[in-house]
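Topology and contacts: notes
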Amino acid sequence: MIVDSPQGLFCPGGPFHLDPLGPVQRAVITHAHGDHARAGNAAILCTPQTAALVKRRLGEGTVIEILEYGERRRIGEVTVSLHPAGHMLGSAQVRIEGPAGVWVLSGDYKREPDPTCAPFEPLRCDVFVTEASYALPIFRWDSAASVAAEIASWWQGNARKASLLFCYALGKAQRLLAELARVTERPVFVHGAVEPFAEIYRAAGVRMLPTRLIGEERSFAGELVLAPITARGTPWMKRFRAFESGFASGLLRIRGTRRRRGFDRGFVISDHADWPGVLKTIRETGAQRVLAMHGHRDALVRWLREAGVDAAPIGLAAPPLDPEGD
Amino acid sequence: MRRFAQLYDALDATTSTNAKVAAMQSYFAEAPPADAAWALFFLTGRRLKRLIAPRLLAVWGCERAQVPGWMAEECFSLVGDLAETVALMMDTARTERRAHAEPPSLASLIEGTLLPLREADEDEKRRVVMTLWDSLERREMYLLAKLLTGEMRVGVSETLGIRALAQHAGLPPATVAHRLMGSWEPSAASFAALVRPGVSDADVSRPYPFFLASPLEEEPEALGDRAGWLAEWKWDGIRAQIVRRGGGAFLWSRGEELITDRFTDLSGVWAALPEGTVLDGEVLAFSGDAPMPFSVLQRRIGRQKLTPRILEEAPAAFMAYDVLEHEGRDDRELPLRERRALLERLVAGRSSRLLLSGSVEAASWEELSVLRRGSRERGVEGLMLKRWDSPYRVGRPRGDWWKWKIDPYSIDAVLVYAQPGHGRRATLMTDLTFAVWSAGELVPVAKAYSGLTDEEIDELDRWIRQNTIERFGPVRAVKPVHVFELHFEGIAESSRHKSGIAVRFPRISRWRTDKTPEQADTIESLRALIKSAGREGRDRG
């Protein structure tokens, strides 16, 4: 019921596209990151939280149809419902029920608890389309609480410098602000790309550290600053006279990644499923057939086949360079 | 070893020299001396011999983590480091995230468990490794794998490790450096001896900081009057100081390494020098009246034992070009003109292995420039220009000493193989192999690792991944499409290379996007380079 098309995954029974790559008539969107929710679609179906974020990104005029978690909607010859994926605020799995049984598209997901969003909901299905961004048996995440403690201690140790932490402005930044709220109450300075999304998270009831927009301040000594990776190496950086730089991403589990990118510190925190997470999820769906997309999908497919699971790749062949969000 | 793993992380987590020194210093202050001794062993770049083949370790890691071999390879191609791949696989495969038992101390791990493995058979090694894995955290498993495969390296230079220990002990670094020379073996007692107070033992051997020349980037005319400058050949050997004091003699390399024992055939040189003398110069392999190629000397350095055959094939000589101490007096402030006169008197007729780096006579810069073009035939790297009225300075201040090197050799070659680099380049295809044409086929002639910009590296990395035609382990054969201009310093015949040619210090000069592979050089044109290189090409196999 889900097939490849030039514009990405497509459900002919709707008909509608799923996280389409280019403008289409009707799109079901799993979450608000830029590589999933693109501009130009005539109509979008998504969760209310995703809708708020998408409007912020693509403009208030975006035509959006809302579907609450668990609510069922008939589209053509199939019934569609959205279920928490645990990736970020509003992120959803797409469950499609139709003549060919039940299919579930995971979207991006993780199994670790995240104070900014509803936890992943395992769904029984016949065919499970899973993401495989980190589907290699070297990826396993430490608890976010321990990573938050690491970040807090790094921040505390930089008393005379700014602690400049690069991360994706939507999703990762808010998760860090929420995780850090468990260990401190100090305000955090944020880049202009982070704050609008933080406002939406707050409006959705997510508890985070207080944020301050970077303004005309002269010294950031002893402060934590969250900024998108795109700000690195731009004139924006000139205001920080003394700083240490950190980067938060699952890719940093590999030592060479941080060294190659020249960050002082790397914090391993990801919003994608790690290897045990992917395997556990596949088991819990009870799916007869597994389709894998993104990242290390070919390795996952081969591994599943060797374990006797009917599996195949789906979607774009080229792995994204960095799967952590927009 | 937990404390050592924390030190490793701390060193890994910063690029600041001061922070690294501080981390090592506090480690030395807190660790038991026996552990600190082993830590210092690694921090100063020493290594244990390989105890287990990496391939074997990978097999056991796959077994324990229940990961098939092909999948481990897939992981390795992303991680770029075998020890890390194994550690990450094991960590991922853990069924529970329990708090680990206290691991063994660094010293007891190495002395009690690892070193005895030298005598053990494969089953015993396997049993010991599997047991150790149970008690270790991720980073410790990584370090264990590095220890077992003899690849334990820490991201600090030996100088930095020595500096940290010196600060911990409140001693000058040269004292600590000297105490570490020779046959230092890590133990609690030897560590205590390293940090004991007092400096007198090091005074006698201590060399002076070297004065280093800067590359001449403009025409020599810019230096003014030719008569104000001494010109010497730029010798291609090991920069070194002979320190002749206290009835003994010490040969120090520029890296402040004591290499006296490596050059026993120079003993006649020290014997001939008067007490209280320090000379600066170059250790060369020297035969008859001419220097031999650096590759000859290099082969000698690589050997564990100095056999009579090696001494005969690569006889050493000391080419002196400065005197820093005479009759126990520090003469570095004297102008070069005076030091030179002193040097000539000191060196003359003392030993057949003690030579004077002569003044290259040329009335004008132009004339000198003509002589410089003959550098390769003489087996030298070009010219050195030194201001006659300058003192012997410290470090690399610009202005008084210039190196005026000859242009490197240059060829156009085709990229044929690629594999991931190491360290920060472990995830990128940066170890590149280049080939030239021989009878219609491409024959590899050089490997090069450096010379491209980060952007070019990224672009090439992507291209390589998409244009791999065959894989041999980590090595990828790629479509022979891209031409690169390579520079190198020397070229010689070699029986150890398939092409029959060895080039020295090759690096990438440019990505010749304007050239097609057909336009790359041929093996014949490389042979012609060897011929024109004259004596430098007579590399004795």
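Counting restarts for each chain, with residues numbered from 1 along the sequence as it is written. Here the convention is simple: chains get letters from A, ligands get numbers from 1, in the order in which they are written. Local features in this predicted model are restricted to residues of pLDDT 70 or higher, and side-chain atom pairs are both shown and tallied only at a pLDDT of 80 or more, whereas totals for entire chains, interfaces and linings draw on every residue. Only heavy atoms go into the side-chain values, all of them from the structure, while hydrogens and water stay out.

1. A few points about the pairing of strand β4 (residues 43–46) of chain A
Residue and element names in this part refer to chain A. When strand β3 (residues 26–28) meets β4, the two strands line up parallel, connected through three bridges. Directly across from Val28, in β4, lies its bridge partner Leu45. Note on pairing: two strands pair once DSSP finds at least 2 bridges between them. The numbering of helices and of strands both runs from the N terminus, where a helix is a DSSP run of H or I of at least 4 residues and a strand a run of E of at least 2. Bridging between β4 and strand β5 (residues 64–66) involves three bridges; their strand directions are parallel. Bridge assignment links Ile44 to a residue of β5, and that residue is Ile64.

2. Considering the pairing of strand β18 (residues 310–313) of chain A
Residues and elements named next belong to chain A. One ladder, built from four bridges, connects strand β17 (residues 289–293) with β18; its direction is parallel. Counterpart to Arg289 in the pairing with β18 is Asp310. Whether a crossover is right-handed comes down to one check: with the strands pointing away from the viewer, does the path from the first strand over the helix to the second run clockwise; if it does, it is right-handed. Traced from β17 through helix α7 (residues 297–306) to β18, the parallel crossover comes out right-handed.

3. A few points about the domain arrangement of chain A
Accessible area lost upon the coming together of the parts serves often as the stated size of an interface. Residues and elements named next belong to chain A. With domains assigned, chain A is organised as domain 1 (9–138 + 271–313) and domain 2 (144–267). Each domain span listed reflects an automatic or database assignment of domains. On a C-alpha basis, the centroid separation for the pair domain 1 and domain 2 is 28 Å. In this description, buried area is defined as the sum, over both parts, of the accessible area (probe of 1.4 Å) that is lost when the two are combined. Across the domain 1/domain 2 interface, buried area totals approximately 1,500 Å², and carbon plus sulfur atoms make up 68% of it. Of the charged contacts in the structure, one is a salt bridge between Arg175 and Asp114, with a shortest N-O distance of 3.7 Å. Think of a polar contact as two N or O atoms within 3.5 Å of one another; within protein, one of them needs to be a possible hydrogen donor and the other a possible acceptor, and neighboring residues in sequence only count if both atoms come from side chains. Remark: the boundary between domain 1 and domain 2 carries five residue pairs in polar contact (both at pLDDT 80 or more). Residues are grouped as follows: Ala, Val, Leu, Ile, Met, Phe, Trp, Tyr, Cys and Pro are nonpolar; Asp, Glu, Lys and Arg are charged; all remaining types, including Gly, are polar. For the side of domain 1 that touches domain 2, the residue count by class is nine nonpolar, two polar and six charged. For this document, the term salt bridge refers to a Lys or Arg side-chain nitrogen within 4 Å of an Asp or Glu carboxyl oxygen.

4. Comments concerning the sheet that holds strand β1 (residues 9–11) of chain A
Residues and elements named next belong to chain A. Ordered in space as β1-β2-β3-β4-β5, the five strands form an open sheet in which the pairing is mixed. A strand with exactly one partner marks an edge of an open sheet, and here the two such strands are β1 and β5. Strand-to-strand twist in this sheet, taken as the mean axis angle between neighbours without regard to direction, amounts to 30°. Across the face of the sheet, helix α1 (residues 48–58) comes into contact with β4 and β5 while running at roughly 160° to β5. Only the stretch in contact is used when a helix axis is fitted, and all axes are lines through C-alpha atoms; the angle between N-to-C directions ranges over 0 to 180 degrees. Whether two residues touch is decided by their heavy atoms; if any such pair falls within 4.5 Å, the residues are in contact.

5. Considerations on the interface of chain B and chain A
Taken residue by residue, the interface counts 32 residues in chain B and 24 residues in chain A. Taken together, the connections running from chain B to chain A amount to three salt bridges. Arg255(A) serves as the salt-bridge partner of Asp12(B), at 3.0 Å between the closest nitrogen and oxygen. Counting the contacts that link chain B with chain A gives 12 residue pairs in polar contact (both at pLDDT 80 or more). Contributing elements (two or more residues each) for the side of chain B that touches chain A: α1 (2–12), α5 (69–79), α6 (82–93), α9 (138–148) and α20 (454–466) of chain B. In terms of residue count, α6(B) provides more of the side of chain B that touches chain A than any other element does, seven residues in total. Grouping the constituent residues of the side of chain B that touches chain A by class yields 14 nonpolar, seven polar and 11 charged.

6. Brief notes about the packing of α1(B) against helix α2 (residues 17–30) of chain B
Residue and element names in this part refer to chain B. One can describe the packing of α1 onto α2 by two numbers: an axis separation of 9 Å at closest approach and a directional angle of 170°. Regarding the angle of α1 to α2, the classification is roughly antiparallel. Where α1 abuts α2, its residues Arg3, Phe4, Leu7, Ala10 and Leu11 lie against Lys20, Ala23, Met24, Tyr27 and Glu30. Residue classes in the contact of α1 with α2 are distributed as seven nonpolar, no polar and three charged. Angle categories are assigned with fixed cut-offs, so that under 35 degrees is roughly parallel, over 145 is roughly antiparallel, 65 to 115 is roughly perpendicular, and the rest are oblique.

7. Section: the environment of Ser219(A)
Residue and element names in this part refer to chain A. Residue position: Ser219 is located in the loop between β13 (211–213) and β14 (224–227). Separated by 58 residues in sequence, Ser219 and Lys161 place their C-alpha atoms 8.8 Å apart. Side-chain polar atoms of Ser219 contact the backbone nitrogen of Ala221, separated by 3.2 Å.

8. A look at the pattern of salt bridges
Residue and element names in this part refer to chain A. By the definition in use, this model includes 51 salt bridges over all chains. Between Arg73 and Glu65 there is a salt bridge, and its shortest N-O distance comes to 2.6 Å. Categorising residues by exposure relies on relative accessible area from a 1.4 Å probe, with only protein chains included: less than 20% of the type maximum marks a residue as buried, more than 50% marks it as exposed, and the intermediate range marks it as partly exposed. Arg73 sits in the partly exposed class, given a relative accessible area of 22%. Look at Glu65 and you get partly exposed, because its relative accessible area is 26%.

9. Structural notes on the nonpolar core
Here, the term nonpolar core denotes a set of buried Ala, Val, Leu, Ile, Met, Phe, Trp, Tyr and Cys residues that are joined through side-chain atoms within 4.5 Å. With 66 residues, the main nonpolar core has Phe4(B), Phe28(B), Phe42(B), Leu114(B) and Trp133(B) as its most contacted residues. Of all the elements, helix α3 (residues 33–43) of chain B adds the most residues to this core, at eight residues. Contact partners of Phe42(B), with chain neighbours within four places excluded, come to Phe4(B), Leu48(B), Ile110(B), Leu147(B), Met152(B) and Val154(B). Among the nonpolar cores identified, the runner-up in size contains 56 residues, and Phe120(A), Ala135(A), Phe263(A) and Val268(A) belong to it.

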